[in-house]
Amino acid sequence: MFKIQTLNKISPKGLNLLPHEKYEVASEFKEPDGVILRSFKMHDLELPPSLKAIARAGAGVNNIPLDRCNEAGIVVFNTPGANANAVKELVICGLLLSSRKIVQGIEWVKSLDAPAHEVPSLIEKGKANFAGNEIRGKTLGVVGLGAIGALVAKDALALGMEVIGYDPYLSVDGAWELSNGVQKATGLETLLKKSDYLTIHVPLLPSTKEMYNAEKFAMMKKGVKIMNFARGELFENSALIEALNSGQVGAYVSDFPTHELLHVKGVLPIPHLGASTSESEDNCAIQAVKAMKQFLESGNIENSVNFPTCKLPLKPGQTRLSIINKNIPNCIGEVTSLLAKKGINIDDMINQSKGEIAYMLLDLQKEVTPEVIKAIEGLEGIIRVRSIGG
């Protein structure tokens, strides 16, 4: 019986995929096998020895202590693309809000305090203060062409915009998903110089933190309108405020508002609504649960942020070892030699690595005893061993 702890409210459409005869699900467990969460911050939590996997129902994993998970051999999953459509729709909304002064106009109309018969004429007289621009024919720069960026680019093209994309890490699969109408920028500076609108879809890393600073703003078209539905820390706020005050940046729509930006002219602060749709929450929960369920039951790994993708079909009744180890020479040889000495043949195996972590699945011809598992755990570089099936 696997124990799954939920640290946030998780959609029942996901949790219902966990059969009651194999899983217990609760918000309180002292020794869970798995944790499913959304935005709950885990950095101050202890990671019990029982914990094998953490599934984030969403894309970002800044709320999860990845370094400690690596040391403990805990696989961390996310759900790339599950909320992509929800975020894409909000980006398109942001494009329109930044262009047409819709929010400002609504706030002004709601503030009118006049006799009923005067309201129509007041609106007609005041509407000129909220004139804007159309997005058709304008150039949108998309930085990051993953699941969300590719969808934004596609819809912007359909709305009649010119679209320039930049992503030095674009995968082969991502390239196939990208519309042919997207122009490929040779570098970030080229994209910034040409864009009337800019939307950012890159992860927050040490290399990307505050990458949008005074130097980058100076490269942009005067009056550029920026959509940030990735992470607030990608922008240096003091430089952003200066660029907004000078008119270099015409509008900044952010799903990650901070106190210093709340009352700055040109900022449209959105309360982190990117994935806040019922459809997105369902999709994220389903994908997170499927990834964790697959790992716990078969050892197969897909959509992990800290472990390599590693999959091997598990036959009914097959005994399998799931082994997490440091990515150092001769780990595989040490394990296979030990099994050979114990008279255990290997039917099939796969080994993959990612950075300092390696992972192997070994399908064996007979069950292994606790003593054999303990012996493998004693080998140099071994972090965690788990027997599956049998």
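Placed above this text is the structure.
The rules behind each value
- Residues numbered from 1 in each chain as written.
- Predicted model: local features only at pLDDT ≥ 70, side-chain atom pairs only at ≥ 80, totals over all residues.
- Heavy atoms only, no water.
- Helix = DSSP H or I, 4+ residues; strand = E, 2+ residues; numbered from the N terminus.
- Buried < 20%, exposed > 50% of the residue type's maximum accessible area, 1.4 Å probe, protein only.
- Contact = heavy atoms within 4.5 Å.
- Areas by Shrake-Rupley, 256 points an atom, 1.4 Å probe, with all protein chains shown as cover.
- Lys, Arg positive; Asp, Glu negative; His and termini not counted.
- Charge placed at Lys NZ, Arg CZ, Asp CG, Glu CD.
- Core = buried A, V, L, I, M, F, W, Y, C linked by side-chain atoms within 4.5 Å.
- Axes fitted to C-alpha atoms, helices over the stretch in contact; angles between N-to-C directions.
- Parallel < 35°, antiparallel > 145°, perpendicular 65-115°, else oblique.
- Left-handed = near helix turned anticlockwise from the far one by under 90°.
- Phe/Tyr/Trp six-rings, centres within 6.5 Å; stacked < 30°, edge-to-face > 60°.
- Polar contact = N/O pair within 3.5 Å; in protein donor to acceptor, adjacent residues only side chain to side chain.
- Pairing = 2+ DSSP bridges.
- Arc of directions from axis to C-beta.

A.B. asks: Explain the overall build of the protein chain here, please?
C.D. replies: A count of helices and strands for the protein chain gives 13 helices and 16 strands. Considering only C-alpha atoms, the protein chain reaches an extent of 90 × 50 × 35 Å along its principal axes. Sorting the 390 residues of the protein chain into buried and exposed places 47% on the buried side. Expressed as a percentage of contacts within the protein chain between residues at least 6 apart in sequence, the contacts between residues at least 24 apart total 63%. Working note: accessible area of the protein chain is about 20,000 Å², and carbon and sulfur atoms make up 51% of it. Positive and negative side-chain charges in the protein chain, numbering 42 and 43 respectively, have mean positions lying 3 Å apart.

A.B. asks: How do you make sense of the nonpolar core when you look at a structure like this?
C.D. replies: It is characteristic of soluble globular proteins that their nonpolar side chains tend to be buried jointly. One finds Leu 198, Tyr 212, Phe 217 and Ile 226 to be the most contacted residues of the largest nonpolar core, which totals 29 residues. Every element with two or more residues in this core is listed here: helix H8 (188-194), strand E9 (197-200), helix H9 (214-219), strand E10 (224-228), helix H10 (237-246) and strand E11 (249-254). Among the elements that take part in this core, H10 stands out by supplying five residues, more than any other. Aside from chain neighbours lying at most four places away, what touches Phe 217 is Tyr 212, Ile 226, Phe 235, Glu 236, Ala 239, Leu 240, Ala 243, Gln 248 and Val 249. Ranked by size, the runner-up nonpolar core spans 28 residues in total, among them Ile 4, Ala 53, Ile 301 and Tyr 359.

A.B. asks: I tried to follow the packing of helix H3 (residues 84-100) against helix H6 (residues 147-158) on my own but got confused; where do I start?
C.D. replies: Each pair of packed helices can be summarised by the angle the axes make with each other and by the distance between the axes. Two numbers describe how H3 lies on H6: the axes approach to 9 Å, and their chain directions differ by 45°. When the axis of H3 is compared with that of H6, the two are oblique. Here H3 and H6 pass one another in a crossing that is right-handed. Only Ala 147, Ile 148, Leu 151, Val 152, Asp 155 and Ala 156 of H6 make contact with H3, whose side of the interface consists of Ala 84, Asn 85, Val 87, Lys 88, Val 91 and Ile 92.

A.B. asks: When you look at the packing of aromatic side chains in this model, what are you seeing that I'm missing?
C.D. replies: For any pair of aromatic rings, the description consists of the separation of the ring centres together with the inter-plane angle of the planes. Under the definition given, this model contains eight aromatic pairs. When the centroid spacing of 5.5 Å and the interplanar angle of 40° are considered together, the rings of Trp 108 and Phe 130 count as tilted. Of this pair, Trp 108 sits in helix H4 (residues 102-111) while Phe 130 sits in the loop between helix H5 (119-126) and strand E6 (139-143), placing them 22 residues apart in sequence. The exposure class assigned to Trp 108 is partly exposed, which follows from its relative accessible area of 24%.

A.B. asks: Honestly, the side chain of Thr 79 in this entry has me stumped. Any pointers?
C.D. replies: Within the fold, Thr 79 resides in the loop between strand E5 (75-77) and H3. Residue Thr 79 is classed as buried on the basis of its relative accessible area, which comes to 0%. In terms of polar contacts, Thr 79 uses its side chain to reach the backbone amide nitrogen of Gly 58, at 2.8 Å. Those residues in contact with Thr 79 that lie beyond four places of it in its chain are Arg 56, Ala 57, Gly 58, Ala 59, Cys 284, Gln 287 and Ala 288.

A.B. asks: Help me understand the sheet that holds strand E12 (residues 267-269), please; the structure alone is not making it clear to me.
C.D. replies: By way of backbone hydrogen bonds, the strands of a sheet pair with one another, either parallel or antiparallel. Across the sheet, seven strands lie side by side as E8-E7-E6-E9-E10-E11-E12; this open sheet has parallel pairing. Strand pairing shows two members of the sheet lacking a second neighbour, strand E8 (183-184) and E12, which therefore form its edges. Relative to E6, H6 is tilted by about 170°, and along the sheet it contacts E6, strand E7 (162-166) and E9.

A.B. asks: What is the right way to look at helix H13 (residues 370-377) in this model?
C.D. replies: It helps to recall that an α-helix has 3.6 residues per turn; residues three or four apart then point in one direction. Every buried residue belonging to H13 is among Val 372, Ile 373 and Ile 376, and all of these are buried. Relative to the axis of H13, the buried residues are bounded by an arc of 100° and lie together on one face. Turned more than 90 degrees off the buried face of H13, the exposed positions are Pro 370, Glu 371 and Lys 374. Those residues of H13 that are buried are in contact with strand E13 (319-326), helix H12 (331-341) and strand E16 (382-389).

A.B. asks: It is not clear to me how the pairing of E6 should be interpreted in this structure. Could you clarify?
C.D. replies: Sheet faces and side chains relate simply in a regular strand, where the side chains alternate between the two faces. In terms of residue burial, E6 counts as a mostly covered element, since five of its five residues are buried. Residues of E6 alternate between two faces, with Thr 139, Gly 141 and Val 143 on one and Leu 140 and Val 142 on the opposite face, all of them buried. Of the strand pairs in this sheet, E6 and E7 are connected by five bridges, and their pairing is parallel. Bridging from a neighbouring strand, Thr 139 pairs with Glu 162 of E7.

A.B. asks: Got a minute to help me understand the environment of Cys 93 in this structure?
C.D. replies: Inspection of the secondary structure puts Cys 93 in helix H3. Separated by 134 residues in the primary sequence, Cys 93 and Met 227 have C-alpha atoms spaced 9.9 Å apart.

A.B. asks: For this particular structure, what's the right way to read unusual backbone geometry?
C.D. replies: Across the chain, the bulk of peptide bonds are trans and the bulk of non-glycine residues have phi less than zero. The phi dihedral of His 272 is positive, around 50°, even though this residue is not glycine. Among the structural elements, His 272 can be located in the loop between E12 and helix H11 (278-298).

A.B. asks: Can you walk me through the environment of Glu 31 in this structure?
C.D. replies: Its place among the elements puts Glu 31 in the loop between strand E2 (23-26) and strand E3 (34-37). Each C-alpha atom, one on Glu 31 and one on Gln 5, is 9.0 Å from the other, the two residues being 26 residues apart in sequence. Ignoring any residue separated from it by four or fewer positions in sequence, one finds Glu 31 in contact with Lys 3 and Ser 50.

A.B. asks: Before we go on, may I ask you to explain the sheet that holds E16 in this structure?
C.D. replies: Ordered in space as E14-E15-E13-E16, the four strands form an open sheet in which the pairing is antiparallel. At either end of the open sheet lies a strand with only one pairing partner, and these are strand E14 (346-354) and E16. For this sheet, the mean angle separating the axes of adjacent strands, direction not counted, is 15°. Alignment of E14 against strand E15 (residues 357-364), held across eight bridges, turns out to be antiparallel. Residue Asp 348 lies in a different strand from E15, and its bridge partner there is Asp 363. Where H12 meets the sheet, it contacts E13, E14, E15 and E16, and its direction lies at approximately 25° from that of E15. Relative to E16, H13 is tilted by about 155°, and along the sheet it contacts E13 and E16.

The analysis is restricted to geometry; functional conclusions fall outside its scope.
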